[in-house]
Each structure stands twice: as C-alpha cells, then as structure tokens.
Amino acid sequence: MKDFLKSTIGRKQLVAVGGLGLALFVFVHMAGNMLIFVSPKAYNLYGHALISNPLIYVAEAGLVAIFFLHAILAMILTIKNRFSRGEQRYAVAPKGKAEPSLFSRTMWFQGLVILAFVVLHLITFKYGNHYDVDYDGKTVRDLHRLMVEIFTQPIYVVGYVISLLLMFAHLAHGVSSVFQSLGICSVKNGSVINTIGFVYSLVVVAGFISQPVYVFFVYNN
C-alpha cells in the first residue's frame, strides 16, 4: 500500500477516484437545487432535510477530506511532472495530437478558482443571513429567500456563472481523465468517453447556471 501511494500510477488513480466522487457530488447537489423551480417550500424542506440529518457532519467531513486529498495529490503530480521534464518544459510544445489541450494545461488554475468559488459559496449560503419560515407548524431556514437575495446581485451572478464555466472545463477534462487513469479508456472507446465527459459536465453546469439566471431574469421580475 505504501509503494502504491508513492507511485505516480497510484497517485493518479487516487486523484481519479477522488475526482469521480466529487463529480458525482456536484451532480446530486445540482439536482437537489433544481427544486427551486418547483416551489420555495419544496426547496426549503429539501434543505432542512439535509442539514437536520445527523449524518450531515460525517458527509461534510468526508467531502472535505476527498476535496483536499484530490487537490493535494493533483498538485504533487503536477509539480513532479514539471520537474521530471526538466529543461524540456522550455522547448517548443509538440504539435498535433501530442499537444496538450488548453483544458489539461490549465487544470491547476481551474482548480484554484473552483476552490475559491467553493469557499465563497459556503460563506454565502451556509453562514449567510438566516431567515426562518413556518410550514405546518415546523420552523425551517428560508434558504430560498437567501438564494433570491443573493442571485439578484449582478456582480455575484456574473462571478457565479464565470466560476461555473471554469468548472465545466475542469469537469469535461477531468471526467474523461478518470477513465484513462483507471485504465478503462482505450483507443476504441476514447471518443465515446470524451463525449460522456462533455455531456455530463454540460448537464451539471447548465443545471447550476439555470438557477441564478432564473432568479435574476424571471423570478424577481
């Protein structure tokens, strides 16, 4: 196990597994947030069911651990790769199919922006203004009101959308890379896996972006 963790292949596979877990989480999170299109009550009761579950702390701790493990190992691999190439990194980049894509070359930058976005998102919604609402004698946090309050701010909406577009780039390349790191991707199915990664990322990011767009342009008008 120790040798596995020290090896490049082992670290790549751990990054892949962590990335896959995070990719699945953002899909579930996006799907739950789509309740904003149903009603404020449905959205608030969904949020209350999550935060009132005792296992929420275990889930949050697990997500934080996966997130930082994914980020730290990815950073180690990036640094190791740059140093292993030595002076070759100053040479002219190969052309054609061998040339790394823009998405792959900027994964580190995308990751930093996404990290900043996640921190801001947590501060804004988890620790933001607290409003209460009553449903059939049950008092729950009015997260819907907070969301409307936040998503009517043009600067926040623009920053939110830009961050999500970078998340799309990160997911599109990352989801495809997961299968390659796990040895599932091959010459035969490579194009299919790339398409799956693209479509999956598009669905997730489009779902997230639809929420502030709906609040800003439709709900509040």
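Note: the structure precedes this text.
It should be emphasised that the depicted structure is a prediction, and the values quoted were computed from it without experimental measurement. (Residues numbered from 1 in each chain as written. Predicted model: local features only at pLDDT ≥ 70, side-chain atom pairs only at ≥ 80, totals over all residues. Heavy atoms only, no water.)

**Some remarks on the packing of helix α2 (residues 8-33) against helix α8 (residues 154-181)**
For the pair α2 and α8, the least separation of the axes is 9 Å and the interaxial angle reads 135 degrees. Compared by their axis directions, α2 and α8 come out oblique. At the point where α2 passes α8, the crossing takes the left-handed sense. From α2, K12, Q13, A16, L20, A23 and V26 reach across to α8, where they touch L171, V175, V178 and S181. Grouping the constituent residues of the contact of α2 with α8 by class yields seven nonpolar, two polar and one charged. (Axes fitted to C-alpha atoms, helices over the stretch in contact; angles between N-to-C directions. Helix = DSSP H or I, 4+ residues; strand = E, 2+ residues; numbered from the N terminus. Parallel < 35°, antiparallel > 145°, perpendicular 65-115°, else oblique. Left-handed = near helix turned anticlockwise from the far one by under 90°. Contact = heavy atoms within 4.5 Å. Nonpolar A, V, L, I, M, F, W, Y, C, P; charged D, E, K, R; others polar.)

**Considerations on the packing of helix α3 (residues 40-51) against helix α7 (residues 143-150)**
The N-to-C vectors of α3 and α7 enclose an angle of 110 degrees; their axes lie 8 Å apart at closest approach. Considering their axes alone, α3 and α7 lie roughly perpendicular with respect to each other. Seen from α3, the contacting residues are P40, Y43, N44 and G47; seen from α7, they are L143, H144 and M147. Residues of the contact of α3 with α7, tallied by class, amount to four nonpolar, three polar and no charged.

**Details of unusual backbone geometry**
Despite not being glycine, D136 shows a phi value in the positive range, around 55 degrees. Take D136: it is sitting in the loop between β1 (132-135) and β2 (138-141).

**Comments concerning the packing of aromatic side chains**
By the definition in use, this model includes 10 aromatic pairs. Consider the rings of F37 and Y214, whose centres lie 4.8 Å apart with planes at 55 degrees: the pair is tilted. With F37 in the loop between α2 and α3 and Y214 in helix α9 (residues 190-219), this residue pair connects regions lying 177 residues apart in the sequence. The class of F37 is partly exposed, set by a relative accessible area of 34%. For Y214, a relative accessible area of 22% gives the class partly exposed. Ring geometry for F168 and F198: centres 5.4 Å apart, planes at 80 degrees, overall edge-to-face. Of this pair, F168 sits in helix α8 while F198 sits in helix α9, placing them 30 residues apart in sequence. One aromatic cluster is present, formed by F117, F125, F151, Y156 and Y160 through successive ring pairs. Taking the ring centre of Y131 as reference, the NZ or CZ of R145 above it sits at 3.8 Å. (Phe/Tyr/Trp six-rings, centres within 6.5 Å; stacked < 30°, edge-to-face > 60°. Buried < 20%, exposed > 50% of the residue type's maximum accessible area, 1.4 Å probe, protein only. Lys NZ or Arg CZ within 6 Å of the ring centre and 35° of its normal.)

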